[in-house]
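Commentary on secondary and tertiary structure
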Amino acid sequence: TQQDLALIRSRAQLVKMRTEAINMARGLTKSLGYRLADCDADNVGTSLADVLPAAARPGVDLQLELASHLTTKIKEADQQIHSMAERYPEIKLLDVIYGVGELTALAFVLTIEDKERFNKSREVGAYLGMVPGQDQSGASNPQQRITKEGDRMMRWMLVQCAHCILRSGAPESDLRLWGQKKMQEQQTGKGKPNQKKVLIGVARKLAVLMHRLWVNGEVYDPLYNAKKQAALRKKSAA
């Protein structure tokens, strides 16, 4: 498990390094009075620096060349991870969730390792540090930030999945409906809605859902709760 996780962590580090290289190239270009064109990270190359005069290109080209080389290594890691995923057929239960790909599903299975380690799926949220901390003293119970315990990479991946679930154009699902409802509830109060808080909430519920599907071996239904509630309302109306 640790050997397989090491490959995923190595890939995550490569992605982080590429992001830093691209940001550095854009920052250097901007300081010279120019801007690099927008493009997908996988397509970054020295041709982006064509907007610069020749004398100003060396420093920027170094970062763009590094980003391009890292992209090659990331693709190599993706191929290795795809081959490794074949040894974990249970991820097929999880990667059907919109926003959750093969990489996230595999990382989740490897991080949890033993699906029977939790008495309840709700405990997964606390295991991954996505529940508020506690600091009770007498009648005082101030609201705390999430504990951020557990695996940092897995928590980051789940939050990225939450971004996909809530973004414009994403298909309807129980998770999306829950997140939208929370955003609306916060908008009725003072100030702007706390998007980060909602993202963490969606990520936590996603982790619980993934563990539940893994334990029960159920086929994912994105609108399971919505259909259930609609059936109950119809029954009550009748």
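Residues numbered from 1 in each chain as written. Predicted model: local features only at pLDDT ≥ 70, side-chain atom pairs only at ≥ 80, totals over all residues. Heavy atoms only, no water.

**Some points on the overall build of the chain**
Definition in use: The secondary structure listing takes helices from DSSP runs of H or I that are at least 4 residues long and strands from runs of E that are at least 2 residues long, numbered from the N terminus. Type-normalised accessible area, obtained with a 1.4 Å probe on protein chains alone, sets the label of each residue: buried when under 20%, exposed when over 50%, and partly exposed for intermediate values. Note on areas: Shrake-Rupley with a 1.4 Å probe; residue coverage comes only from the protein chains shown.
On a plain count of helices and strands, the chain comes out with eight helices and zero strands. Its C-alpha atoms give the chain principal-axis dimensions of roughly 75 × 50 × 45 Å. Taken over 238 residues, the chain has a buried fraction of 33%. Element-wise, carbon and sulfur atoms account for 50% of the exposed surface of the chain, whose accessible area totals about 14800 Å².

**A closer look at the packing of aromatic side chains**
Applicable threshold: Two rings from Phe, Tyr or Trp (for Trp, the six-membered ring) form a pair when their centres are within 6.5 Å of each other. A pair whose planes differ by under 30 degrees is stacked, one over 60 is edge-to-face, and the rest are tilted.
Tallying each qualifying case throughout the model produces two aromatic pairs. Centre to centre, the rings of phenylalanine 108 and tryptophan 214 are 6.4 Å apart; their planes meet at 65°, and the pair counts as edge-to-face. Residue phenylalanine 108 is located in helix α3 (residues 102-112), and its partner tryptophan 214 is located in helix α7 (residues 195-216); the two are separated by 106 residues in the primary sequence. Judged by relative accessible area, tryptophan 214 falls into the buried class, the value being 6%. Summarising the aromatic geometry, the rings of phenylalanine 118 and tyrosine 127 are spaced 5.2 Å apart at their centres and angled 70° between planes, so their arrangement reads as edge-to-face. You can call phenylalanine 118 buried: its relative accessible area is 11%.

**Focus on the packing of α3 against α7**
Inclusion rule: Angles here are taken between N-to-C directions and fall from 0 to 180 degrees, while the axes themselves are lines fitted to C-alpha atoms, restricted in helices to the stretch in contact. The labels follow the angle: roughly parallel below 35 degrees, roughly antiparallel above 145, roughly perpendicular from 65 to 115, and oblique for the rest. The contact criterion used is simple: two residues touch if any of their non-hydrogen atoms lie within 4.5 Å. Under the grouping applied here, Gly and all other residues not named as nonpolar or charged are polar, the nonpolar ones being Ala, Val, Leu, Ile, Met, Phe, Trp, Tyr, Cys and Pro and the charged ones Asp, Glu, Lys and Arg.
The geometry of α3 relative to α7 is characterised by a closest axis approach of 11 Å and an angle of 75° between their N-to-C directions. Relative to α7, α3 is oriented roughly perpendicular. Contacts between α3 and α7 pair Thr104, Ala105, Phe108, Val109 and Ile112 from the former with Ala207, Met210, His211 and Trp214 from the latter. Residue classes in the contact of α3 with α7 are distributed as seven nonpolar, two polar and no charged.

**A word on the pattern of salt bridges**
What counts, and what does not: Throughout this description, the term salt bridge denotes a Lys or Arg side-chain nitrogen within 4 Å of a carboxyl oxygen of Asp or Glu.
Counted under the stated rule, the structure contains 10 salt bridges. Here arginine 57 and aspartate 50 are joined by a salt bridge, their closest N and O atoms 2.8 Å apart. A relative accessible area of 18% places arginine 57 in the buried class. Exposure remark for aspartate 50: the relative accessible area of 51% places this residue in the exposed category. In this structure, a network of salt bridges that share partners links the residues Asp50, Arg57 and Asp61.

**Some remarks on the side chain of arginine 18**
For arginine 18, the location among the structural elements is in helix α1 (residues 2-31). Leaving out residues up to four positions away in the same chain, arginine 18 has contacts with Ala41, Asp42, Ala67, Leu70, Thr71 and Ile74.

**Considering the packing of α3 against helix α5 (residues 152-166)**
Test applied: Take the far helix as the reference: if the near one is turned anticlockwise from it by less than a right angle, the crossing is left-handed, and if turned clockwise, right-handed.
Close contact between α3 and α5 brings their axes to 10 Å; oriented N to C, the two are set at 145°. Our pair here, α3 against α5, has a crossing hand that is left-handed. The residues of α5 that touch α3, namely those facing Leu103, Thr104, Ala107, Phe108 and Thr111, are Met153, Met154, Met157 and Cys161.

**Considering the side chain of arginine 57**
Quick reminder of the rule: Polar contacts, as used here, are pairs of N or O atoms within 3.5 Å; protein pairs need one atom able to donate a hydrogen and one able to accept it. Residues neighboring in sequence count only if both atoms are side-chain atoms.
Locating arginine 57 in the fold gives a position in helix α2 (residues 57-85). At 2.9 Å, the side chain of arginine 57 and the backbone oxygen of threonine 46 are in polar contact. Apart from the residues lying within four places of it in its own chain, the contact partners of arginine 57 are Thr46, Ala49, Asp50 and Leu52.

**What about the layout of surface pockets?**
Spelled out, the test is: Space inside and on the surface of the protein is sampled on a 1 Å grid over the protein atoms alone, with a cavity defined as a set of points where a 1.4 Å probe fits but cannot get out and a pocket as an open set with protein on both sides within 12 Å along at least 5 of 7 lines; lining residues have an atom within 4 Å of a point. Grid points are joined across faces, edges and corners, and a volume is the space filled by probe spheres set on the points.
In this structure, the largest pocket encloses a volume near 1600 Å³. As for the largest pocket, its lining consists of 47 residues, and the residues nearest its centre are Arg155, Trp156, Val159, Gln160 and Ile200. Put simply, the parts of the chain that give the lining of the largest pocket at least two residues each are α1, α2, α3, α5, α6 (174-187) and α7. Considered class by class, the residues forming the lining of the largest pocket number 18 nonpolar, 12 polar and 17 charged. Approximately 960 Å³ is the volume found for the second largest pocket. For the second largest pocket, the lining is made up of 25 residues, of which Asp174, Leu175, Lys205, Leu209 and Asn225 are closest to its centre. Of all the secondary-structure elements, those providing two or more residues to the lining of the second largest pocket are α6, α7 and α8 (224-237). A breakdown of the residues in the lining of the second largest pocket according to their chemical character gives 12 nonpolar, four polar and nine charged.

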